[in-house]
Every structure is written in C-alpha cells, then in structure tokens.
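Fold and geometry: a report
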Amino acid sequence: MTRTYVVTGADSGIGALTAGLLADRGARVIRCGVGESADVRADLGTADGRAALLGAVERLAPSGVDGLALVAGIAAPTEATVRVNHFGTLAVLRGLRPLLARSSAPRAVVVSSASSLSAGDGDVIAACLREDEPAAVAAARRAIGRGRGAVLYRSTKIALNRWVRRAAPGWAESGIPLNVVAPGIVGTETAMTTMLATPAQAKLMAEALPQPLGFPGPADAVAEALAWTLSPANAFMTGQVIYVDGGADATLRGDGPYADGVSYGPVAMARMIFWSLAARVQRRRTGS
C-alpha cells in the first residue's frame with residue numbers, strides 16, 4: 001500500500017533529498033516549501049502561511065497522511081528563525097495530527113541540529129517551551145540587539161528537542177511515534193555557502209562540532225535516517241533525539257547523558273512497591 005508523506009523544506013537541502021528518497025521508494029510525497037518546485041508553497045513564519053499549508057495538505061490528502069517530516073528551517077540571525085523553526089514546526093505538527101491519526105502506521109519526525117549540543121539563549125528557549133511566540137520573538141530581538149543573533153538557530157533546535165521529549169509520550173498513547181533527527185555538518189548547498197564558505201569558517205565549525213566520521217558529512221545519510229523513522233519498520237522508537245552527526249555528540253558529551261540512572265519520585269516508588277507486592281501475591285496463588 002502506497003504511503004503518503006508530507007515533507008516541509010522540501011525545495012532544498014536535506015528536505016529535498018528526503019522527499020526525493022521517499023518518492024524513489026514508491027511513496028506519494030507532498031512537498032512543502034517556499035520555492036516554485038513545491039506542491040504547497042507557504043511561509044511557516046506567518047499565521048496565514050501556516051493555515052495555508054494545513055488547508056492545502058488537507059485538500060491534497062483528505063483521507064489522511066502516513067508521515068510528517070518537518071525539515072523546514074532557517075539559520076538567519078533574525079526573529080524569522082524563531083517563527084519558522086519552532087512555532088511553524090509546531091503548527092504543522094499539531095495541525096496535521098488529525099490526518100496522521102487516520103493512518104494505520106503514522107509517524108512524525110522533526111529535524112533539529114547537532115548545534116543544539118551547545119548552549120542557547122535561555123530566554124528564547126523558555127518562551128518557546130511556554131509556546132509564547134510574542135515573548136520568544138521579543139527575546140530574539142534582545143539577543144540580536146546584543147549581537148547574539150547567531151545563537152537563535154541553535155536555541156530553536158534546543159527548544160524543539162525538549163518539546164519533542166515532553167510531547168512524545170502523549171503522541172505515543174495515540175499510536176504515533178514522534179522523534180527528532182539532529183544532523184551534524186553535512187555537505188548541503190546551504191552549508192557550503194554559509195557555515196563552510198571559507199577555510200576559516202570550516203575550521204571553526206570543525207572545532208565546534210568535531211566529526212570523526214568525516215567533515216562535512218554526507219547529506220544522504222541524514223535523508224536515510226529520516227526515511228527510516230517515517231517507515232512502518234520504526235514501530236517501537238519514540239521521543240528520541242537521533243544525532244546523525246559523524247560522532248560529534250559522542251565526542252563532545254561522552255557518556256554524560258547516560259552516567260546517572262533514573263530517579264523516581266515518591267508517588268512512582270509507591271506504585272512500583274504496590275505492584276511488586278501484587279505480583280508476588282499473584283505468583284503465590286498460581287504457584288509460579
């Protein structure tokens with residue numbers, strides 16, 4: 001059965017690669033972007049653009065969609081980065097969730113960035129997580145005014161990572177795996193003309209995001225990861241931030257994220273003790 005996918009940012013870079021890969025494998029792909037090659041042209045930085053995308057997708061796929069790949073994003077030191085990367089992404093995720101729910105194997109994935117390993121602007125991140133767009137935009141303007149506009153991109157990606165971690169359990173209860181793919185520096189046209197435009201910039205990025213598997217990495221590898229997270233084969237993974245980064249996460253953070261075990265609160269501990277005792281009683285009754 002042919003699966004139907006929606007890919008934002010599908011007119012360039014990783015989005016275009018992902019859309020092409022999915023189509024080559026027999027899927028129907030609704031390409032969303034701002035260029036003429038897109039099936040749905042919409043600016044996710046505006047309320048009108050977000051509504052236009054949702055309406056167009058519903059008209060194109062009234063019976064539902066099987067997967068969402070939210071790739072659209074910008075890295076400019078402007079407030080538009082906050083509007084598009086975080087609030088535009090969430091608007092599409094939530095707005096198309098009813099169409100996803102009609103699929104027998106729905107999947108959703110958000111594209112983040114390995115730059116999210118670095119610290120961001122706390123005010124921007126907090127406002128994004130409160131889902132207060134005016135406050136996030138105001139915080140972005142303050143950061144720009146202090147000459148820190150470059151931090152906005154990774155701030156939005158940090159917020160997306162955290163939002164997905166919080167939201168994924170609820171989406172899972174509805175049968176929808178929701179994950180994040182966070183690419184490192186890969187050889188897209190955008191990267192080559194911005195982050196890697198000069199030898200000095202390339203050296204800076206290699207220092208900030210060391211990638212033992214190579215620098216820059218292959219963009220096709222990111223598209224492959226996105227395609228798999230959207231496939232029916234991904235039936236038991238949700239809430240994960242998958243760093244497709246050539247080893248940057250492992251190099252920079254080591255085993256830090258896994259050094260400590262889970263700490264349970266008193267309510268959870270009480271419930272586990274209760275069910276442990278109940279299980280023991282049941283075993284005695286059954287003689288097992």
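Scope of this entry: the structure provided in the associated data block.

Enumeration according to the criterion identifies one aromatic pair in this entry. For Arg97, the ring lying beneath its charged end belongs to Trp171, and the centroid distance is 4.3 Å.

Core analysis: the largest hydrophobic core is formed by 45 residues, its most contacted members being Leu53, Val57, Leu68, Leu93, Trp163, Trp171 and Leu178. In terms of residue count, the dominant contributor to this core is helix H3 (residues 79-100) (nine residues). Counting 22 residues, the second-largest nonpolar core is a separate cluster that includes Ala10, Val111, Ala223 and Ala225.

Moving on, we come to the pairing of strand S6 (residues 178-183). Looking along a regular strand, one sees the side chains alternate between the two faces of the sheet. Judged by how many residues are buried, S6 sits mostly within the fold: six of six residues are covered. Bridge count between strand S5 (residues 107-111) and S6: four bridges; the pairing is parallel. Bridge assignment links Val110 to a residue of S6, and that residue is Val180. In the sheet, S6 pairs with strand S7 (residues 241-244) via four bridges, with the strands oriented parallel. Counterpart to Ala182 in the pairing with S7 is Tyr243.

Here Phe215 and Pro216 are connected by a cis peptide whose omega angle stands at -10°. Residue placement: Pro216 occurs in the loop between helix H8 (199-208) and helix H9 (219-230).

What counts and what doesn't
- Residues numbered from 1 in each chain as written.
- Predicted model: local features only at pLDDT ≥ 70, side-chain atom pairs only at ≥ 80, totals over all residues.
- Heavy atoms only, no water.
- Phe/Tyr/Trp six-rings, centres within 6.5 Å; stacked < 30°, edge-to-face > 60°.
- Lys NZ or Arg CZ within 6 Å of the ring centre and 35° of its normal.
- Core = buried A, V, L, I, M, F, W, Y, C linked by side-chain atoms within 4.5 Å.
- Buried < 20%, exposed > 50% of the residue type's maximum accessible area, 1.4 Å probe, protein only.
- Helix = DSSP H or I, 4+ residues; strand = E, 2+ residues; numbered from the N terminus.
- Pairing = 2+ DSSP bridges.

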